[in-house]
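Per-entry structural report
Take a look at the letters that make up each chain.
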Amino acid sequence: MASIRRTLSPAYHDRPYQNGGTSFPVSSPSQKLLSNGKFSPPLPFFSSYGVGVRRFVAGAFIQKYSRKVWRRSAYRCIAFFLLGFLLGMSPFGEVDDIKSQDFSFEIKPSPVNVKLDPESVVKRKEFVLDTVNLGVELKSKTKERFSFIPKKQIIVVTPTYNRALQAFYLNRMGQVLRLVPPPILWMVVEMNVASMETADILRKTGVMYRHIVCTKNSTNIKDRGVHQRNAALDHIEHHKLDGIVYFADDDNIYSLELFESLRDISRFGTWPVAMLAQSKNKAILEGPVCNGSQVIGWHTNEKSKRLRRFHVDMSGFAFNSTILWDPRRWRHPTSVPIRQLGTVKEGFQETTFIEQLVEDESQMEGAPASCSRIMNWHLHLEARNLIYPRGWLLQKNLEVILPIK
């Protein structure tokens, strides 16, 4: 007899049946174990742990891969940049390849078929323009315009002292120096103390000046100018002033041409000076006789001064200041400072001082050419025994008063 066995389906406790029945209870050991509340199945724990591990591994590999991609692209950019830089710096040609013909401004006349009479034919080269040099004259003019040659500085040394006409002399001297193109330095030297009157005049002249005081005690009036000039020479040597030194007394008369010619002096320059004789009844000339700029002789009219080596007035020469503080430059080394001597006879201060600067006439320069012009005058017209008004102010009226009609 045949037997039929029906396989039972798994039990579903919460599944309703079509005929309205309920699930029958299954009393198996596994069912009892699962139905116990004290025990939880391990599958959810391991599943959540596995998901976290997978996410971590995936994130690590993706981040590592993105870093590799970023580095690779950066390396490529740097490599291409260096390659382009090297290609840009590499010369593909030379400047010599550019020929002058590429920038030629040659103007070629177009051929014209014109028949001219043989008599009216003029040579072609007289009026045909072959080439035009554009910019050549412009460059030369521009070069002359911007070629700046600094002018030599003129150092004018003026000894002065308090007297009635001092203000007149200093103002006249200041007005002349004001017209001289700079650079120019006016060194005014006074004895013992700098007076307020002199300082006030110097401030108003508009000329760059230095007010120097000579502290040398001297009872002899004739030696006063020597000591004042030596004080200025000490100042020039101490500060190493570079320029042309000129001794200009305040009572002399000077032309602008004289100061313009001073800048042409290289080492030592000299020129003739017009002056009045001691008797004041005639004019005499003292200074060099020149052949061009070469000194070949001297003008002199006084027998007492014929024994001098160089017949020059104190305002008739000028010299380069570097001789004082850099004598090796002029091959004139000396251990003794170059100064004027106050112990010599009057009238010999000039020649004894010049002998310290130059050896002979070959080292002198005549100015101007051929020494043919008089550029300054030494007149000695100052009246004596005049009252020196302190502060240039007269406290009392004049003795003679003219009434107004």
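Before reading further, recall that the structure is shown in the block above.
Residues numbered from 1 in each chain as written. Predicted model: local features only at pLDDT ≥ 70, side-chain atom pairs only at ≥ 80, totals over all residues. Heavy atoms only, no water.

Glancing now at the overall build of the protein. Within the protein, the regular secondary structure consists of 9 helices and 12 strands. Surface exposure of the protein reaches about 30,100 Å², of which carbon and sulfur atoms provide 58%. (Helix = DSSP H or I, 4+ residues; strand = E, 2+ residues; numbered from the N terminus. Areas by Shrake-Rupley, 256 points an atom, 1.4 Å probe, with all protein chains shown as cover.)

Okay, the sheet that holds strand S11 (residues 365–366) next. In spatial order, the strands read S3-S2-S1-S4-S10-S6-S11; together these 7 strands make up an open sheet with mixed pairing. Pairing within the sheet leaves two strands with one partner each, and these edge strands are strand S3 (209–214) and S11. Where strand S2 (residues 184–191) meets S3, 6 bridges bridge the pair, whose relative direction is parallel. Within the sheet, the bridge partner assigned to Met191 lies in S3 and is Cys214. Packing of helix H6 (residues 224–239) onto the sheet brings it into contact with strand S1 (154–159), S2, S3, strand S4 (244–247) and strand S10 (317–320), and relative to S2 it is tilted by some 135°. Sheet contacts for helix H9 (residues 349–357): S4, strand S6 (268–270) and S10; angle to S10, the most-contacted strand, approximately 25°. (Pairing = 2+ DSSP bridges. Contact = heavy atoms within 4.5 Å. Axes fitted to C-alpha atoms, helices over the stretch in contact; angles between N-to-C directions.)

Our focus in this paragraph is the packing of aromatic side chains. Evaluation of the coordinates by the stated rule reveals 12 aromatic pairs. Relative to Tyr169, the ring of Phe168 lies with its centre 5.5 Å away and its plane at 50°, an arrangement referred to as tilted. The exposure class of Tyr169 is buried, given its relative accessible area of 6%. Summarising the aromatic geometry, the rings of Tyr254 and Phe259 are spaced 6.0 Å apart at their centres and angled 55° between planes, so their arrangement reads as tilted. Taken together, the ring pairs connect Phe247, Phe268, Phe317, Phe319 and Phe353 into an aromatic cluster. Seen from the ring of Tyr161, Arg163 lies directly overhead, with NZ or CZ sitting 4.2 Å from the centre. When the ring centre of Tyr161 is taken as origin, the NZ or CZ atom of Arg224, which lies over that ring, is 3.8 Å away. (Phe/Tyr/Trp six-rings, centres within 6.5 Å; stacked < 30°, edge-to-face > 60°. Buried < 20%, exposed > 50% of the residue type's maximum accessible area, 1.4 Å probe, protein only. Lys NZ or Arg CZ within 6 Å of the ring centre and 35° of its normal.)

These figures come from the coordinates and say nothing about function on their own.
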